[in-house]
Number of protein chains: 2
Amino acid sequence: MTLKAQFDHTNCGECPIRHRAVCAHCERDELEELEGIKYYRSFEAGQTIIWSGDPMNFVGSVVSGIASLTQTMEDGRTQMVGLLLPSDFVGRPGREIAPYDVVATTDLVMCCFRKKPFEEMMVTTPHIAQRLLQMTLDELDAAREWMLVLGRKTAREKIASLLSIIARRDASIHQSGMAGPIVFDLPLTREAMADYLGLTLETVSRQISALKKDQVITLEGKRHVTIPDMGRLMEEAGDDTDGGFLV
Amino acid sequence: MTLKAQFDHTNCGECPIRHRAVCAHCERDELEELEGIKYYRSFEAGQTIIWSGDPMNFVGSVVSGIASLTQTMEDGRTQMVGLLLPSDFVGRPGREIAPYDVVATTDLVMCCFRKKPFEEMMVTTPHIAQRLLQMTLDELDAAREWMLVLGRKTAREKIASLLSIIARRDASIHQSGMAGPIVFDLPLTREAMADYLGLTLETVSRQISALKKDQVITLEGKRHVTIPDMGRLMEEAGDDTDGGFLV
DNA sequence: AGGGTACTTTGACCGAAATCAAATGGAAAC
DNA sequence: GTTTCCATTTGATTTCGGTCAAAGTACCCT
């Protein structure tokens, strides 16, 4: 996941690269240059943006909506390996071929740069590489945190971990602290949750029902979730209650 | 894992950062500067180099031996989240606290830089950041590949995947192609393999016995492995035979 | 050589999650 | 309004890997 790589977009537009270029160290020309080569693309829910093995000729970041990175085995088993939220970066400079599918989980808008000029920019503008390094290190931490979830947690803990990540992301946007109940809409189907957690969709459904029965969460409809006690949820996830979990 | 981030060390010493600084783009002063602040540390097998939560005041790379990155839950469940081989980088600029344990799996020598001067170098020497970005992106790919292993593969496939990674690393060092049998010593105990694969050590042992019985591998002693047919092993791992697997 | 220790193998049994199957619910389409 | 389609829930059964327990093996150390 990439959730730590988030920015305040309120005053600098929607692109994390540009944001940092404006606000931190860079001169105006660099901004202009990036401005000149950026463009927007929209995708519908379910649409595959990039197929594994295809050439990748752009990089970019999510403006709105959710995308997922997915790996698929020949026999159809699939594992989601990343969840891309607004401001998260997609693509990698110096790599021609996409190593996994990128799929729009919801309707999606991306801000893109053609790869070639972006790579040239990276050489001439050190801060872009440094910024990208920070973001990539955050993603690496998140991926490793998720390896613990996949490798060692029970189905119930996995569900609680996922809910806690989504809740936290929402909490950081909507509320200041994490006291009081947290309310959000699940942006994923049961199947997508299963693909993320390395479970079947039936197990996901059963564990959500169990958490509901045990009053760890409340559901209105299938997607609208209330977390009355975030600390309780994190206990269920097997995490330290004190916020050690990297989102 | 970090196996893709490997270098040819034959003519430039043992440190990947320095290697690139010398051979690719940089001036002599930069090399001198890095030379001046580097130092070596040795560790015995089993020794914990860095504890999760501790302050990290250095970065470095593995010179010889194997280290592992490990996460542990309060109840003792542990998951290895990375395997560090010679030339792999440890630590992250811009991060004070270690997010996981770093443990010497075998006797180990590391080449270290104090973090502060290294970070200063990163600002003044763009190529270091760019090099580090490439390495980190490779590690991220490897971590995501491993998420598929942890989330969706069977115990047998997991073992085959691990053997195939180790075999391939060794093959790349000892032989040019991957035709003919591959021979190597397992650098991990059954328990360490289990921690890497999200299994118990008993299951690891049983699956190794099964692969032996089915003649996918041959064992002499507990650790010395022969792979008569690498393609067969990769089929068992559930990977494309054509080398799609990121090491 | 003997004895200790740590690593590994093997067996018996159990349980959590997968699989197979059917029912329910909810929203869009007719 | 009701039909259709999908997402979801729930149930019955199976299976893979975990757990508990007991040997077996190799290496080290006097």
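In this convention, every chain numbers its residues from 1, walking through the sequence in written order. Just so you know, chain letters begin at A and ligand numbers begin at 1, following the order they were written in. At least 70 in pLDDT is required for a residue's local features to be given in this predicted model, at least 80 for side-chain atom pairs to be given and counted, and no such filter applies to totals for whole chains, interfaces and linings, which use all residues. Excluded from the side-chain calculations are hydrogens and water; all other atoms, namely the structure's heavy atoms, are used.

### Considering the interface of chain A and chain B
Two residues form a contact once any of their heavy atoms are found within 4.5 Å. With 49 residues of chain A at the interface, the matching set in chain B holds 50 residues. Across the chain A to chain B interface the summed buried area is about 4,400 Å²; carbon plus sulfur atoms make up 53%. The rule for a salt bridge is simple: a side-chain nitrogen of Lys or Arg has to be within 4 Å of a carboxyl oxygen of Asp or Glu. Where chain A meets chain B, there are 12 salt bridges. N or O atoms within 3.5 Å of each other form a polar contact, as long as, within protein, one can give a hydrogen and the other can take it, and as long as residues adjacent in sequence are counted only when both atoms are side-chain atoms. Here chain A and chain B share 32 residue pairs in polar contact (both at pLDDT 80 or more) between them. Breaking the side of chain A that touches chain B down by element, the ones donating at least two residues are β4 (67-72), β5 (78-84), α3 (115-124), α4 (126-152) and α6 (190-197) of chain A. Numbering of helices and strands runs from the N terminus, with a helix taken as a DSSP run of H or I at least four residues long and a strand as a DSSP run of E at least two residues long. The element contributing the most residues to the side of chain A that touches chain B is α4 of chain A, with 21 residues. Its residues assigned to classes, the side of chain A that touches chain B shows 22 nonpolar, 11 polar and 16 charged. By buried area we mean the combined loss of accessible area, with a 1.4 Å probe, across both parts when two parts are placed together. Following the grouping adopted for this structure description, the nonpolar residues are Ala, Val, Leu, Ile, Met, Phe, Trp, Tyr, Cys and Pro, the charged ones are Asp, Glu, Lys and Arg, and the polar ones are all others, Gly among them.

### Topic: the sheet that holds strand β4 (residues 67-72) of chain B
All names here are of chain B. Spatially, four strands are ordered β2-β7-β4-β5 in an open sheet, and the strand pairing comes out antiparallel. Of all strands in the sheet, those bounded by a partner on one side alone are β2 (48-50) and β5 (78-84). For this sheet, the mean inter-axis angle between neighbouring strands, taken without regard to orientation, is 35 degrees. Only when DSSP finds a minimum of two bridges between them are two strands counted as paired. Looking at chain direction, β4 and strand β7 (residues 101-104) are connected through four bridges and run antiparallel. Bridge assignment links Ser68 to a residue of β7, and that residue is Val103. Here an axis means a line fitted to C-alpha atoms, over the contact stretch when the element is a helix, while the angle between two N-to-C directions is reported on a 0 to 180 degree scale.

### Some points on the protein's contact with DNA strand D
Near DNA strand D lie 17 residues; those nearest to it are Arg190 and Ser205 of chain A together with Ala155, Thr203 and Arg206 of chain B. Within the contact set of DNA strand D, a base nitrogen lies 2.9 Å away from a side-chain nitrogen or oxygen of Arg206 of chain A. Ala155 of chain B places a main-chain nitrogen or oxygen 2.7 Å from a phosphate oxygen of DNA strand D. Elements with a contribution of two residues or more to the surface near DNA strand D: α7 (201-213) of chain A together with α7 (201-213) of chain B. Considering each element in turn, the surface near DNA strand D owes the most residues, five residues, to α7 of chain A. Tallied by class, residues from the surface near DNA strand D come to three nonpolar, seven polar and seven charged. Any residue with a heavy atom positioned within 4 Å of a molecule or strand is treated as near that molecule or strand.

### Focus on the environment of Cys111 of chain A
Tracing the backbone through its elements, the reader meets Cys111 of chain A in strand β8 (residues 108-114). In this structure the C-alpha to C-alpha distance between Cys111 of chain A and Phe89 of chain A, which are 22 residues apart in sequence, comes to 9.5 Å.

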